[in-house]
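# Working through the structure, step by step
Take a look at the letters that make up each chain.
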Amino acid sequence: GDSVTQMEGPVTLSEEAFLTINCTYTATGYPSLFWYVQYPGEGLQLLLKATKADDKGSNKGFEATYRKETTSFHLEKGSVQVSDSAVYFCALMGSGGSNYKLTFGKGTLLTVNP
Amino acid sequence: GAGVSQTPSNKVTEKGKYVELRCDPISGHTALYWYRQSLGQGPEFLIYFQGTGAADDSGLPNDRFFAVRPEGSVSTLKIQRTERGDSAVYLCASTPGKGHYNEQFFGPGTRLTVL
């Protein structure tokens, strides 16, 4: 079945550092890929998405590129801020008959220190 | 309301008791999903409603779990004879419906603790 593997945390960075959180997936067909973020005390929010190979999703300075050849969707940000401290989840939505349910990775806790 | 709401935000119960968790989706959203997030894990799919009917309940762990959505809006997740292993955050999400499967909007969750 579908699965998502993401970099284990926690990740601790200083403000303005470069961020990469690795994510790889296993799925048949052509899934859509997502990054969700969960800020302390809040619900899951969609951060960015990509629906086909070579698409780049971007939002709030974060980017991720859908790489079908390496089955990856790594999250990057050039300069993190304290306010980026949160748990980040990589997820996929399968194609075909199950194109409605999300499969999530375990999440990566990011802490950004001033 | 503007977003998906879930009540209660926290529920503590004793092993063997029955609980109900409620989800109010975004107004007009026809598709509704329940997920369960155990400690240190990502959310896991439980059930999907399109309108009033459960289109896919393959993620429900066993027959102690049941969910309804009688009028195609509010949904209730029901857990009978709760066990300690049911302790988790239960998340609800909704989308506008067909053709909008990518945009799932999540509620804040209900944290269930079974003592």
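Look up: the structure comes first, before these words.
Residues numbered from 1 in each chain as written. Chains lettered and ligands numbered in written order. Predicted model: local features only at pLDDT ≥ 70, side-chain atom pairs only at ≥ 80, totals over all residues. Heavy atoms only, no water.

## Considerations on the layout of surface pockets
Just so we agree on the cut-off: Here a cavity denotes a set of grid points, spaced 1 Å apart and computed over the protein atoms alone, in which a 1.4 Å probe fits but from which it cannot get out, and a pocket denotes an open set meeting protein on both sides within 12 Å along at least five of seven lines; residues with an atom within 4 Å of a point are reported as lining. Grid points are joined across faces, edges and corners, and a volume is the space filled by probe spheres set on the points. A helix here means a DSSP run of H or I that spans at least four residues, while a strand means a run of E at least two residues long, and both kinds are numbered starting from the N terminus. Side-chain classes follow a simple rule in which Ala, Val, Leu, Ile, Met, Phe, Trp, Tyr, Cys and Pro form the nonpolar group, Asp, Glu, Lys and Arg form the charged group, and the remainder, Gly included, forms the polar group.
Of the voids in this model, the largest pocket is the one considered here, and its volume is about 570 Å³. Around the largest pocket sit 26 residues that line it, and Gln-38 of chain A together with Gln-37, Leu-39, Val-89 and Arg-111 of chain B are the ones nearest its centre. Broken down by secondary-structure element, the contributors of at least two residues to the lining of the largest pocket are strand E10 (86-93) of chain A together with strand E9 (88-95) and strand E11 (110-114) of chain B. Examining the composition of the lining of the largest pocket, we find that 4 residues originate from one element, E11 of chain B, more than from any other. When the residues that make up the lining of the largest pocket are grouped by side-chain class, the tally is 11 nonpolar, 12 polar and 3 charged. Space inside the second largest pocket adds up to approximately 280 Å³. Around the second largest pocket sit 14 residues that line it, and Thr-103 and Phe-104 of chain A together with Pro-43, Glu-44 and Phe-45 of chain B are the ones nearest its centre. No other element matches the 3 residues that strand E11 (residues 102-104) of chain A contributes to the lining of the second largest pocket.

## A few points about the interface of chain B and chain A
Which entries qualify depends on this criterion: By definition, residues are in contact when any of their heavy atoms lie within 4.5 Å. Accessible-area loss on putting two parts together, using a 1.4 Å probe and summing over both, is the definition of buried area adopted here. A side-chain nitrogen of Lys or Arg and a carboxyl oxygen of Asp or Glu constitute a salt bridge if their distance falls within 4 Å. Contacts described as polar in this section are N or O atom pairs within 3.5 Å, which, within protein, must combine one atom able to donate a hydrogen with one able to accept it, while residues neighboring in sequence count only if both atoms come from side chains.
Counting residues at the interface gives 19 residues for chain B, matched by 17 residues for chain A. For the pair chain B and chain A, the two sides together bury roughly 1500 Å², of which 55% comes from carbon and sulfur. In this structure, the connection of chain B to chain A is made through 1 salt bridge. A salt bridge links Asp-56 of chain B to Lys-101 of chain A; the shortest N-O distance between them is 3.6 Å. Along the contact surface separating chain B from chain A lie 4 residue pairs in polar contact (both at pLDDT 80 or more). Residue assignment for the side of chain B that touches chain A shows that the elements contributing at least two residues are strand E4 (31-37) and strand E5 (44-50) of chain B. No other element matches E4 of chain B, which puts 3 residues into the side of chain B that touches chain A.

Keep in mind these numbers describe shape, not what the thing actually does.
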